[in-house]
Amino acid sequence: MTNSKSSNAMWGGRFAQGPDAIMEAINASIGFDKRMARQDIEGSRAHAQMLAAKGIITDNDAKAIREGLLTVLSEIDSGTFEYSTALEDIHMNVEARLTALIGEPAGRLHTARSRNDQVATDFKLWVRDQLDAAIEGLQALIRSFLAQADAGADMVMPGFTHLQVAQPVTWGHHMMAYVEMFGRDLSRMKDARARMNESPLGAAALAGTSFPIDRHMTAAALGFDRPSANSLDAVSDRDFALDFLAASSICATHLSRFAEELVIWSSAQFRFVTLSDRFSTGSSIMPQKKNPDAAELIRAKVGRINGALVALLTIMKGLPLTYSKDMQEDKEQVFDAADSLMLALAAMTGMVQDLTPNKAELETAAASGFSTATDLADWLVRSLNMPFREAHHVTGALVKLAEDKGCDLPDLVLEDMQSVCAEITPQVYDVLGVYNSTQSRTSYGGTAPDLVRAQIARWKEVLG
């Protein structure tokens, strides 16, 4: 005999009613897809208008449906709408409430469509809104980097490879590197938006419909460029969500890279920048601490966003055409990633706007670590017609000499330099200063301040 107590324990206290309760819990999506309420109502209003225009339902029924849907939306916006798990999803919740409001005409709304094309349309509209928000957020972030670059086009700082001082660069040039990164993110978001802007509405369950609908009409009403060309693909496609997640993951990686630099630069060991109090916190026991918490949290967001991309790729990888219930698991990943990305973009924009570079510390660091050694080698090639490999060897010997003397290259006297290479002249000192070094890097894309200003102007024109 089965013990009822152990049987209930098998389901757990939350599912004390047994398999029916478990099935309702696993099947329902209203807990998260209610975020698409506005898009669901927008799609339904367009669908009802088209049905009336094609004579499939009466104008009176369409008017009742469209006005009733606005009432439902106002209830949702005001927080008075009551969601029901038993009704599974946002589509059935809205339709049930519409039926309560207007009666029989509500039953005609679902003519010539299925929940399959309905959810695909809702989700596309929601993702499209997120792409628009991400595009706006990226433009604001890029402008904040442009402002930093403009203010520090002449300011010198160390350029690093392997986190070792390599060559002097300008603050403006470093800021513009992130403008280029986030510019590519902006391009990816715009590309994704253009590619996904086809309407699934009217594909119905998977094969289209026998009703004389006008899919071009509903596509235009919802701001799509065109209806999707294949009904099977229309209801099973989630590439638009994957595109958004892929672009978000790359963008989050760029955010994380600059966040890491802020963490390093704001440390007591570097002191390259000062972060504002708005995006820092103190320690509970160490009063001297100013922690770059916002940067660290931005750095962590990439894990959530990458995880969302991998999760949705994994969900979709084995699904035959067309719709499978697995695809209900698509939305939570995208919702979470979108929230994480928008928060990270906003926080980083604020941090960059408030960021103060410490000019003296940056200049001192730029001159350290024999950062003008490459300038010396280049001078030997240009002025003495020395093969670069020989110039590299001579420069290395001079670096070793400076190390032994406990000084930097510009501090070596001419006699010391000539002890390594007798042909060196006093003009060598013209290239050894960090400002001279950055001014000399005039190849396209280089760190020379005039080039940096030209790139700033180009980007300002691009953004409008």
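Up top is the structure.
Below: a short report on this structure. Please read all numbers here as calculations on a predicted model, not as lab measurements.

### Focus on the pairing of strand 2 (residues 164-170)
Where strand 1 (residues 156-161) and strand 2 come together, six bridges link them in antiparallel fashion. Its bridge partner being in strand 2, Met157 is matched across the sheet by Val169. Remark: two residues form the turn of the hairpin made by strand 1 and strand 2, two consecutive strands paired antiparallel; His162 in that turn has positive phi of roughly 60°.

### Observations concerning helix 6 (residues 90-102)
Here helix 6 spans 18 Å end to end across 13 residues, near enough to the 18 Å set by a 1.5 Å rise per residue. Within helix 6, burial applies to Ile90, His91, Asn93, Val94, Glu95 and Leu98. In this fold, the buried residues of helix 6 make contact with helix 3 (30-33), helix 4 (37-53), helix 5 (59-78) and helix 7 (115-151). Near the N-terminus of helix 6, the side chain that reaches the backbone nitrogen of His91, with its oxygen 3.2 Å away, is that of Asp89. One or two positions beyond helix 6, positive phi appears at Gly103, with a value near 75°.

### Describing the pattern of salt bridges
If charged atoms from side chains of opposite charge come close, those side chains can pair. Under the counting rule described, the total for this entry stands at 25 salt bridges. The shortest N-O distance in the salt bridge between Glu198 and Arg226 comes to 3.4 Å. On the criterion of sequence distance, the pair formed by Glu198 in strand 3 (residues 198-199) and Arg226 in strand 4 (residues 226-227) is long-range, its members being 28 residues apart. Salt bridges linked by common partners bring Asp61, Glu104 and Arg108 together as one network.

### Some words on unusual backbone geometry
Looking along the chain, the bond that leaves Leu321 and enters Thr322 is cis, with omega of 5°. A positive phi angle, near 75°, is found at Glu88, a position not held by glycine. Along the polypeptide, Glu88 turns up in the loop between helix 5 and helix 6. At Asn385, a residue that is not glycine, the phi angle is positive and equals roughly 55°. Tracing the chain through its elements places Asn385 in the loop between helix 15 (373-384) and helix 16 (388-405). On the basis of relative accessibility, which here comes to 69%, the residue Asn385 falls in the exposed class.

### Here we look at the nonpolar core
Counting 78 residues, the largest nonpolar core has Leu255, Phe258 and Trp265 as its most contacted members. For this core, the secondary structure elements donating two or more residues are helix 7, helix 8 (171-196), helix 11 (239-265), helix 12 (293-316), helix 13 (330-354), helix 14 (359-366) and helix 19 (449-463). The element contributing the most residues to this core is helix 11, with 15 residues. Those residues in contact with Trp265, other than ones at most four positions away along the chain, are Met157, Trp171, His174, Met175, Phe258, Phe270, Arg271, Phe272 and Val273.

### As for the environment of Gly172
Within the secondary structure, Gly172 is located in helix 8. Along the chain, Gly172 and Thr447 lie 275 residues apart, while their C-alpha atoms are 8.1 Å from each other.

### Concerning the state of the cysteines
Here the structure, examined in full by the defined rule, presents zero disulfides. The thiol of Cys407 is not disulfide-bonded; the next cysteine sulfur, from Cys421, is found 18 Å away.

### So, the side chain of Glu75
Structurally, Glu75 is set in helix 5. Glu75 sits in the buried class, given a relative accessible area of 14%. At 2.8 Å, the side chain of Glu75 forms a polar contact with the side chain of Arg97. Aside from chain neighbours lying at most four places away, what touches Glu75 is Thr80, Phe81, Arg97 and Leu101.

### Let's talk about the packing of helix 7 against helix 13
Where helix 7 meets helix 13, the axes come as close as 9 Å, and the angle between the chain directions of the two elements is 15°. Regarding the angle of helix 7 to helix 13, the classification is roughly parallel. For the crossing formed where helix 7 meets helix 13, the hand is left-handed. In terms of residue class, the contact of helix 7 with helix 13 is made up of 18 nonpolar, six polar and two charged.

Conventions we followed
- Residues numbered from 1 in each chain as written.
- Predicted model: local features only at pLDDT ≥ 70, side-chain atom pairs only at ≥ 80, totals over all residues.
- Heavy atoms only, no water.
- Pairing = 2+ DSSP bridges.
- Helix = DSSP H or I, 4+ residues; strand = E, 2+ residues; numbered from the N terminus.
- Expected span 1.5 Å × (residues − 1).
- Buried < 20%, exposed > 50% of the residue type's maximum accessible area, 1.4 Å probe, protein only.
- Contact = heavy atoms within 4.5 Å.
- Polar contact = N/O pair within 3.5 Å; in protein donor to acceptor, adjacent residues only side chain to side chain.
- Salt bridge = Lys/Arg side-chain N within 4 Å of Asp/Glu carboxyl O.
- Core = buried A, V, L, I, M, F, W, Y, C linked by side-chain atoms within 4.5 Å.
- Disulfide = S-S within 2.5 Å.
- Axes fitted to C-alpha atoms, helices over the stretch in contact; angles between N-to-C directions.
- Parallel < 35°, antiparallel > 145°, perpendicular 65-115°, else oblique.
- Left-handed = near helix turned anticlockwise from the far one by under 90°.
- Nonpolar A, V, L, I, M, F, W, Y, C, P; charged D, E, K, R; others polar.

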